[in-house]
Amino acid sequence: MTSSRAAAGVNDVQLAASIDGATRWLLDDQHADGYWVGELEANVSITAEYLLLTHHLGIADREVWAKIVRYLRRHQHPEGYWSQWYGGPGELSTTIEAYFALKLAGEEPDAPHMARARDWVLAHGGIARARVFTKLWLALFDQYDWDRLPAMPPWLVLLPRWFPFNIYEFASWARATIVAITVVFSLRPTATVPAGAGVQELWCDPRQRRDFAVRRPRNPLSWSGFFWHLDSVLRLLERNHVRPLHHRALGTAERWLLDRQEADGSWGGIQPPWVYAILALRALGYPLDHPVVRQGLDGFRSFTREEPPPDEADPPGARMLWTEPCLSPVWDTCLAAIALRDAGLPADHPALVRAGEWMLQEQVFSGGDWQVKNPDTPPGGWAFEFENDVYPDMDDSAYVLVALDDIALPDEAAKRRAIDAGLRWTLSMQSEDGGWGAFDVDNKAEFLTQIPFADFGATIDPPTADVTAHVLELLGRLGYRGEFPPAKRALRFLADLQEPDGSWWGRWGVNYLYGLGAVLPALEALGESMSQPAVLKAVDWLHRHQLPDGGWGEGCETYAEPRRAGAGPSTPSQTAWALMALIAAGEAESETVARGVRYLMDRQRQDGTWDEPEFTGTGFSTDFMINYHLYRHYFPLMALGRYQQALAPA
């Protein structure tokens, strides 16, 4: 044992036992079909909106609602609010939606928990300060004036692809949501609420009801100012029933939605477009028993989870129910497979073979929206979910290919064909600046982030450091080096994005730790010099941000407050990202790494896994954060396995 390991209390026997325990836990968690899928936890608005949807459609189930009420009350802060992530501050829109859902479910308005929520909302600006999506939900129940919402005319779907403002310039998730919402905004389906279940008491001042949903921009000459004035014109036309190409646009939107429903009933495999598509089709006259609507609702129910509440005060047999915004089997499976290989499982282990064959079956060979900007490349990527053939993505494709390349399958020829097709597709999705976005090529029309409707701030999908690094890591694992033209362009892209302090901002994980955890292993895989200044600055950042307990951690608030980068509490997944970055940079024998390994070993549970209530995944930075429940497991296993390999005798 080296002195640094001895100082941290790491020995080979304990390390091997920790890896073995984590390996056994992960093997036990594998589904019989070969995949892994962990819970994808988000904020309570996802579940509150499910309750609102079932009421709006007239399919309320009081037993289900009672379970949702238990879930919502379980996650309410003692001060009355609900937050966007574990330990986060109160969030106004989420709290309004949860409060409204509880009222619809029959909670007494004067109950202490309801009074606390109401007081908190009023103290923070009330409905007037809520985001546009929350005001849309209120309008669906006649609790907000449709005319005060930003315009979303259905003829947006008719704008040609060469026009700067067309639906294919929006990110995939925003695009699918917007098409459905144009129908909802046009037809304005409004449900009634029981007497006393409205939320008009959440207005701080009744006069605010006449105000526009979005504040006037300070600079009238900015893009936000331009869209503000354009929106004023569009709303004036709407109020005067001037609706160019109205019926044709609704028909186009309807066909667009029908063409993109997935086999599981979803749209894009995620909650927002799924919910709004169902509302849109109902507004268009589709009955509840229509196959498309029925399939959508049946599929949505598969996203619900149930478990007993942890409080002894609940009656025996009580259950909580909540909905996930998405399912992540492809992402979980490829990362679990990589972790098991890092832990030393042989390439032909039966669990890995089953995982590899399952991943082969999930390769997407049908067309999708990505072809609008990339029409000449055959498909061949992978999506995040069980069913999402329209939107394969770069992150999943890159890491599935990494995993497959390292698994020995009975049909190696089929595997090589899949890898060749996947690599060809992934390379074709590189943007002009050298980077990769998640779902589309060159989806970076920044001006679209300023439209009044987009106050959630995630309307585009530009190339980012973390996704680009994952593709580069794939290239390196397949034997390519930095001189390979696509890799060379991507390396320049990463160099331009490095922060002055040496870190990289993380788009899909929290935050700078995720960026560093992606970039340094990618550089090492490509054979880049790990003594170059950019790497040394990154390594120094990681050394400086190790926390006193030996781990690393970073809160979701760093997206709004970058000065808090690298501030704890420590988490197993973020500690693993930091360790893998340092090990890739040649720091495996440092005391910093040994202390990080000790942190993971000390916090491992008896059953081989780790606890991590913190949210370390990102949906929309600052607006929508995620706790991937398997991040706490396969990333620490990767880090421990790579540490063991790095220190093994040559």
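Residues numbered from 1 in each chain as written. Predicted model: local features only at pLDDT ≥ 70, side-chain atom pairs only at ≥ 80, totals over all residues. Heavy atoms only, no water.

Draft legend 1. Examining the sheet that holds strand 5 (residues 624-628) more closely. If you walk across this open sheet you meet the 3 strands as 1-5-4, and the pairing is antiparallel. The sheet is open, and its two borders are formed by strand 1 (40-41) and strand 4 (617-620), each paired with just one other strand. Of the strand pairs in this sheet, strand 1 and strand 5 are connected by 2 bridges, and their pairing is antiparallel. Within the sheet, the bridge partner assigned to Leu40 lies in strand 5 and is Tyr628. (Pairing = 2+ DSSP bridges. Helix = DSSP H or I, 4+ residues; strand = E, 2+ residues; numbered from the N terminus.)

Draft legend 2. Geometry of helix 18 (residues 485-497). Relative to the 18 Å expected for 13 residues at 1.5 Å per residue, helix 18 spans 19 Å between its end C-alpha atoms, a close match to the ideal helical length. For helix 18, the full list of buried residues reads Pro486, Ala487, Ala490, Leu491, Phe493 and Leu494. One side of helix 18 carries all its buried residues, which in axial view fall inside an arc of 160°. Along helix 18, exposed side chains directed more than 90 degrees from the buried face belong to Pro485, Ala495 and Asp496. Of the surrounding secondary structure, the elements contacted by the buried residues of helix 18 are helix 16 (412-428), helix 17 (465-477) and helix 19 (512-525). (Expected span 1.5 Å × (residues − 1). Buried < 20%, exposed > 50% of the residue type's maximum accessible area, 1.4 Å probe, protein only. Arc of directions from axis to C-beta. Contact = heavy atoms within 4.5 Å.)

Draft legend 3. Local environment of the packing of aromatic side chains. Taken as a whole and judged by the stated rule, the model has 31 aromatic pairs. Measuring from ring centre to ring centre gives 5.2 Å for Tyr35 and Trp358, while their planes differ by 45°; the resulting arrangement is tilted. With Tyr35 in the loop between helix 2 (12-28) and strand 1 and Trp358 in helix 14 (residues 350-361), this pair connects stretches of sequence that are 323 residues apart. As far as burial versus exposure is concerned, Tyr35 and Trp358 are alike and both buried. Between the aromatic rings of Trp505 and Tyr559, the centroid separation amounts to 5.7 Å while the plane-to-plane angle is 90°, which identifies the pairing as edge-to-face. One end of the pair, Trp505, is in the loop between helix 18 and helix 19; the other, Tyr559, is in the loop between helix 20 (533-544) and helix 21 (572-584), with 54 residues separating them in the sequence. By relative accessible area, which is 29% here, Trp505 ends up partly exposed. One cation-aromatic arrangement involves Arg161 over Tyr168; the distance from NZ or CZ to the ring centre is 5.1 Å. When the ring centre of Trp508 is taken as origin, the NZ or CZ atom of Arg507, which lies over that ring, is 3.8 Å away. (Phe/Tyr/Trp six-rings, centres within 6.5 Å; stacked < 30°, edge-to-face > 60°. Lys NZ or Arg CZ within 6 Å of the ring centre and 35° of its normal.)

Draft legend 4. Region of the structure containing the nonpolar core. Core analysis: the largest hydrophobic core is formed by 212 residues, its most contacted members being Trp331, Met359, Leu520 and Leu542. Non-local contacts of Trp331, meaning those with residues more than four positions away in its chain, are made with Phe384, Asp395, Asp396, Tyr399, His470, Tyr514, Tyr628, Tyr631 and Tyr634. If you look at the next biggest cluster of nonpolar residues, it comprises 6 residues, including Trp85, Cys556, Tyr559 and Met625. (Core = buried A, V, L, I, M, F, W, Y, C linked by side-chain atoms within 4.5 Å.)

Draft legend 5. Looking closely at the environment of Ala60. The residue Ala60 is located in the loop between helix 3 (45-57) and helix 4 (62-74) in this model. Along the backbone, Ala60 and Ala105 are 45 residues apart, and their C-alpha atoms lie at a distance of 9.3 Å. Those residues within four positions of Ala60 in sequence are excluded, and the remaining contacts are Thr54 and Trp65.

Draft legend 6. Spotlight on helix 15 (residues 394-405). The terminal C-alpha atoms of helix 15, which comprises 12 residues, lie 16 Å apart, in line with the 16 Å expected from a rise of 1.5 Å per residue. Counting buried positions over the 12 residues of helix 15 gives 11, a clear majority of the element. Listing the buried residues of helix 15 in full gives Met394, Asp395, Asp396, Ser397, Ala398, Tyr399, Val400, Leu401, Val402, Ala403 and Leu404. Lining the buried residues of helix 15 we find helix 13 (329-342), helix 14, helix 16, helix 17 and helix 19. Measuring from the backbone nitrogen of Asp395 back to the side-chain oxygen at the start of helix 15 gives 3.2 Å, which picks out Asp393 as the cap. (Polar contact = N/O pair within 3.5 Å; in protein donor to acceptor, adjacent residues only side chain to side chain.)

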